[in-house]
Structure formats: structure tokens, C-alpha cells
Amino acid sequence: MPSTHDWINDPVGVVEGMFAASQSNPSSGWEARAVEFFKDRLKEKDAHTLVPSLNDIPMHYLKPNSLVKFRCFIQDMFDPEFYMGVYETVDPATQAKTLRCGKYKDVTECGVDFNSKNTVTAERQTFYCVPIPGENPWVKERYANSSQARVVPSTSYVPSRQKRSYEEDDDMDTQPQKQREAHAGPQSPTEHHGNGDCKRQETEAPSSQTTSASHLDLNFPLPGEKGPSCLVKVYEDWDSFKLNDMLEVYGILSVSPALSALADEKDASANLLDPTESMETAEEQRVHCPPASLVPRLHMLYAKQLQHNNPLLPSAATSEDSSAFLASTLSEMPSVREELLAYLTHVLLGDALAAEYLILHLISNVYVRRDVLPLGKFTLNMSGCPTVASYTERLYQIIQQLVPSSHYLGMSLQNMNQIRLVPKKDYVANRLVSGALQLAKNTSLYLDETQLEQGQLDTTGVRNVTALGNLISWQKVDYDFNYHQMEFPCNINVLIASEGRSLLPSDCQIHLQTQVAQSHLEEYLSTMHMLSQASSQLNKFRIYLSVARLLDYSISDEVTKSVEDDFVDMRKDDPQSISAEDLHRMLVVARLLSLSQGQTSLSRDSWLRAKHIEALRRSRMEQHKCVNGNEP
């Protein structure tokens, strides 16, 4: 049985050994056994931490053809491709023929006999994968620190490799500077620390071969993102994956310089051939076959879909460790909730009711869809936000510390008229050009409407506002395929910070009622503390929010009957006082209140508490309307 060193450092050798052994028994099912072998190895305790990660380690520290993992997001799916699954080589000296395995490889051995009857052509799918958009620095740092992989700089392909750290590769993203600025949110104080000890630093001078970098757009959904993009080659069950899925892929790393040489040959020959004879345009070749030094290939052996990307939670939902972890977390949830409520009350200028609603928003999640209606979403419009001392930006920085993935979008007129929110199909390059709303599930999208100013929205601006409205109302984004639009469902938590009522729809509006005198506001904000990144309390909050979002929930028949009776009684006193929409909101609030306490079913107490805080919120909104007659 191969040792740890063998299956991580030489997975190709393991596969070829199984292939060779199968020649005496063609029906042995060696391909399935090879995949099972790696799955079994990875199930062993802490085995996954021994596998180097593309997210944390620079490319030149990784051995070509070794086993690596990649925590990623499917940004695009290319057309299937054919490859030589089995082929025969001929030794030029002895004329001896040898069967070879072509699976999990990009380039065949020399001396291929193309006329051999033993050649087997197979099909594989290619996914274009990028790091999870908006993944926050604390998540990256925690994952990097948990790795036990031991790597040394690889020297096997130095002459042909372009040496660059991922930070230096930032220039490769050639989206216009105005787009980069449009999305630029407030930076968290810890962001410049990168990945701690695993900071991607180079130890060698950069190669002079930088021609590709200047014109290659890595197509990240959010500007300023760092990290590798990858062409992931999928060999089976590719229909089980969808665009925008979060994955952790374990596969064989391929960075063969021959791939770049082949691409260059294609470009050269394309100029000589009749364009009608070529199946691909030059632009499509450039996008689908970029230099392997910049966009490595990863031949998937195994991938698991991620329900979350919080490194503080166990990754496997069914393991015994997860069950024990969940049991201990549930018992602590009420006390952690009180601590989080106190912290957010301090952050929200002493407003405990707004802090209550912010917690409910942060744990909300689309848990099911009824026809077109997404159930569980809870978009919160927090109006009355101060415009002094960059309060809304500081609030985002605090949310960024709490959730695994987030994105800040300042809704200035210039931004709305210039940024690309909706992904668009480029038929010339045959790829999906990403937009800022191409996000992974449970990403927190923070819309800062306090940056709005007077002016005219152009066509792009109107389209962007419409896209945001559809996202909030229906949790879907209509991708632009030129001749038609295609709906892609999503699950994104949208928080809107505004001075007055937002111009965008929302599920709930809470007006911030500051307990700090206006004259002391700037002083209060300057002393408003952010918890230390390594704080154990902050980690408790992060675990609490992720676990509450993952819990199942139910309502008993008895409580359902009680809720119905309450609704009838409320309507009896004043039919205009409560609508079906109000009842739906109260049920959503009651569900989130229960989950926030670690309860997986609705109790009578939680229902009464939901009615109470909704009454307080509605009363506050009525008072605010009376004071501000022009407020809708």
C-alpha cells in the first residue's frame, strides 16, 4: 500500500500502478478503485491537512503532478473535451509496444502510436474555478494556519516557469481601473497581514517571461481579489456540479510548460489556416488554454461541495466529531447570543432593537423555494445611519470580522453607472464574463446607500439597480446571454445601510435610534472598539452565526394552530392593522429568533417574542413617519 509520501507526492504513480495491474484483468474497475483509494486516504484523521493547498502556498512551492487541494468557486463551465484515456507507445530502439494511461494528464508520453487499435478516447469536463469571492482575511488565515502540509520550492520546471506571488499577479486582472475603484470597500485593519506565516512571498527573482500576464484577465467576480484561478478537469459525475458551487477539490496538479508551448503553436497556426477550418477563435484559445504557470490545471480525483467556508466548523456534516461539536455549540448558543447582542448594541450606537434585527439578518438563509418565492430570506434596510466619521464603512468592517464571505458596494452614482453587476456571456471568447453579483451562497452583500447623491442613472445604472432589486426580492440574478436572459438562483444576505428609507426593496426596515448625543457622536465612533482578530469571543460569534444558519427548523401542528388563532384575533380588532405580508414577516422573525436561541422548532414563547419586537419596530417606524412627513 502506498505511503503518505507516495499518494500525496506521486499520485500519478499510484494511478499508473493500478492501471498496470488491471491489464491482466480488464474488468477489474481500476478507475473506480483509484478514486476510492484517494477518498479512503483523505477520510483518515487529519489526512486532509497534510495535502498542500493552492489557496495558501505559492505555485513554485508545489511539486508538479503532486496531490493538492483547492477551495474554490465554479465561475464558468467550458465545453467537454476529448483526451486519450489509453494509448500505446512504441520504443524507437526496440519497437516494443507499451500501453499507457492518459487519465489525469494533459500531455502524453513520446512515441505515441496513433494507429494503434488499443487507443481509447474518453471525455472530460473543464470547470474554470476561482477562489471563493469575497472570502474574508480571517478565513484565509485560519485555513492556512491549520495546514500541516510540508512543501519546499520546486525546481523541476524553473526554466519555463513564471515566478510570481499571487499578490504580484494582481496586475493580471485587467478589469478597468474604474471598475476596481467602484467596488473598493473599506479595508479591514487586518487585511494587510494576508495569510500570516503563509504569506505568499517569493524567494527567487521573477522570470522575465511576463508577456502573458499583461493581457490575461483572470475573470474574478470581485475586483482586487488575489489567489490562483484553475482549470479543473472533471472525469465523472460532472452533472452533479453547478455554476457558482463552492467546492474543495482534491486533484493532481499539472503545470507542464508544454501546455503553453501548445497554445503558442495553436496561435501561430491559426494565422496560417483558413479561419473557417478552425473550430476555435484566437480569443477562445487564449481564454481556454492560458499559460499553465498562471492558470494551472487540476485533475480532479475527489471533490466535496462546501455547505459553508467557515474554518472554525467541522467540514464534514455527518462525522461523529461534527455531532459532538453541534451538541456543545447548541447548549452555549443562548449565552453567546447575549454577548453578541451586547456587542452589536455597542456598535449600533446603543440601539438594542436594531442589534436584535441585525443578528436575525446575519443568520438568515433561503432554506426552500416555493415556486418562485424564496423562503427564509431576510434583507434588512437599516435606515437612519449617521454619515459622520465613515460610520457605515466601520459597520461593514465589523460585519466582515464576523462572517466568512462579504462584499461592500458603495452605491454612489458613479459606481452604479460604471460597475458590472450581472455576468455576461462573451460568445467570441466562449466564456462567462463575471460580474459582482456572481457570488457564493451565504455571502453578505453590504449596500452603502449613504453614498447616493443627486444625478442621472444611465442605462447601465438602471440595469444595475434593477438587478439588485431582483436579487433582494427573488434571490435570483438574470445572467445576460445577449439574446436571452437566464435565471440563476442565489442565496445572498443583503444589508442596506441608508439615511432615509432605501430606494431598493427590503424584507424589513429598522430605523437606527442612536442613544449617543449628536455632539458626542464622532468621539464615540473614534473609541468604538473592534475585537482583536484572535479574540476567543470573536471566534465564538463566528461559530454561532454559522451554526444558527445551518440548523433545521420545524413548526408543530399545535403551534401552527396557535399562530392562526392569533392572526384571526389581531384581524378581528382592526382588519387594517395586519396584512398577510405582516404575518409572513412575523413568521420569518419567529423562525430566526428560535434558531438564534439554538431551538430547532417554534415555541409559544418565541412566537410571542417575535410579535413583541415586531410591534416595537412598527411603532418606531410610525413615530419616525410622524416626525419626517416626507418619509415614505
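Residues numbered from 1 in each chain as written. Predicted model: local features only at pLDDT ≥ 70, side-chain atom pairs only at ≥ 80, totals over all residues. Heavy atoms only, no water.

Taking an unreviewed UniProt entry as the reference, the protein is identified by name as Mini-chromosome maintenance complex-binding protein belonging to Haplochromis burtoni. Under the UniProt heading Sequence similarities (unreviewed entry), the entry covering the protein gives this text: "Belongs to the MCMBP family." Note on the protein: under the UniProt heading Subcellular location (unreviewed entry), the record states "Nucleus". (UniProt positions renumbered as here; feature names shortened; annotations may be inferred.)

## Description of the nonpolar core
Counting 70 residues, the largest nonpolar core has Leu340, Leu348, Tyr357, Met382, Tyr391 and Leu402 as its most contacted members. Here Leu340 is in contact with Ile359, Leu402, Phe541, Tyr544 and Leu545, once residues within four sequence places are set aside. (Core = buried A, V, L, I, M, F, W, Y, C linked by side-chain atoms within 4.5 Å. Buried < 20%, exposed > 50% of the residue type's maximum accessible area, 1.4 Å probe, protein only. Contact = heavy atoms within 4.5 Å.)

## Some words on a nonpolar patch on the surface
Where nonpolar side chains cluster on the molecular surface, the patch consists of Val372, Leu373 and Trp474 and spans about 280 Å² of accessible area. Assignment of secondary structure puts Leu373 in strand E9 (residues 373–375). Overall, Leu373 belongs to the partly exposed group, its relative accessible area being 38%. (Patch = residues over 30% accessible without salt bridge, like charges linked within 9 Å, V, L, I, M, F, W, Y side chains within 5 Å. Areas by Shrake-Rupley, 256 points an atom, 1.4 Å probe, with all protein chains shown as cover. Salt bridge = Lys/Arg side-chain N within 4 Å of Asp/Glu carboxyl O. Helix = DSSP H or I, 4+ residues; strand = E, 2+ residues; numbered from the N terminus.)

## Examining the packing of helix H2 (residues 11–22) against helix H3 (residues 30–43)
In contact at an axis separation of 10 Å, H2 and H3 are set at 145° when each is read in the N-to-C sense. With respect to the hand of their crossing, H2 and H3 are arranged in right-handed fashion. Along the contact surface, H2 presents Pro11, Val14, Val15, Met18, Phe19 and Ser22, while H3 presents Trp30, Arg33, Ala34, Phe37 and Phe38. Tallied by class, residues from the contact of H2 with H3 come to nine nonpolar, one polar and one charged. (Axes fitted to C-alpha atoms, helices over the stretch in contact; angles between N-to-C directions. Left-handed = near helix turned anticlockwise from the far one by under 90°. Nonpolar A, V, L, I, M, F, W, Y, C, P; charged D, E, K, R; others polar.)

## Focus: unusual backbone geometry
Trans is the prevailing form of peptide bonds, just as negative phi is the prevailing case for residues other than glycine. In this structure, Asn244 is a non-glycine residue whose phi angle is positive, near 75°. With respect to the helices and strands, Asn244 occurs in the loop between strand E5 (230–234) and strand E6 (246–254). Positive phi outside glycine occurs at Leu349, with the angle close to 60°. In this fold, Leu349 is placed in the loop between helix H9 (320–347) and helix H10 (352–362).

## Considerations on the pairing of strand E1 (residues 67–77)
Of all 11 residues making up E1, 10 are buried, and the element is well covered by its neighbours. Pairing analysis gives seven bridges linking E1 to E6, with the strands arranged antiparallel. Note on E6: the bridge partner recorded for Cys72 is Leu247. (Pairing = 2+ DSSP bridges.)

## Things to note about the confidence of the model for the protein
For the protein, the average pLDDT comes to 85, and 84% of its residues sit at 70 or higher. Every residue in residues 156–181 is under pLDDT 50, and counting partners more than four places away or in other chains gives 77 contacts. Across residues 270–277 the pLDDT falls below 50, and counting only partners more than four positions away or on other chains, this stretch makes one contact in the model. (pLDDT = per-residue confidence, 0-100.)

## Structural notes on helix H17 (residues 580–596)
For H17, built from 17 residues, the straight-helix expectation of 24 Å at 1.5 Å per residue is met to within 8% by its first-to-last C-alpha distance of 24 Å. Summarising burial for H17: 13 of the 17 residues are buried, a large majority. (Expected span 1.5 Å × (residues − 1).)

## As for the packing of aromatic side chains
When we look at a pair of aromatic rings, we describe it by the centre distance and by the angle of the planes. Throughout the structure, instances matching the rule amount to 14 aromatic pairs. Seen in terms of ring centroids, Tyr343 and Phe541 are 6.0 Å apart; in terms of plane orientation they differ by 25°. Their pairing is stacked. Of this pair, Tyr343 sits in helix H9 while Phe541 sits in helix H15 (residues 536–550), placing them 198 residues apart in sequence. There is no split in this pair, since Tyr343 and Phe541 are both buried. Cluster of aromatic residues (ring-pair linked, three or more members): Tyr83, Tyr104 and Tyr235. Arg71 extends its terminal NZ or CZ atom over the ring of Tyr143, reaching a point 3.9 Å from the ring centre. (Phe/Tyr/Trp six-rings, centres within 6.5 Å; stacked < 30°, edge-to-face > 60°. Lys NZ or Arg CZ within 6 Å of the ring centre and 35° of its normal.)

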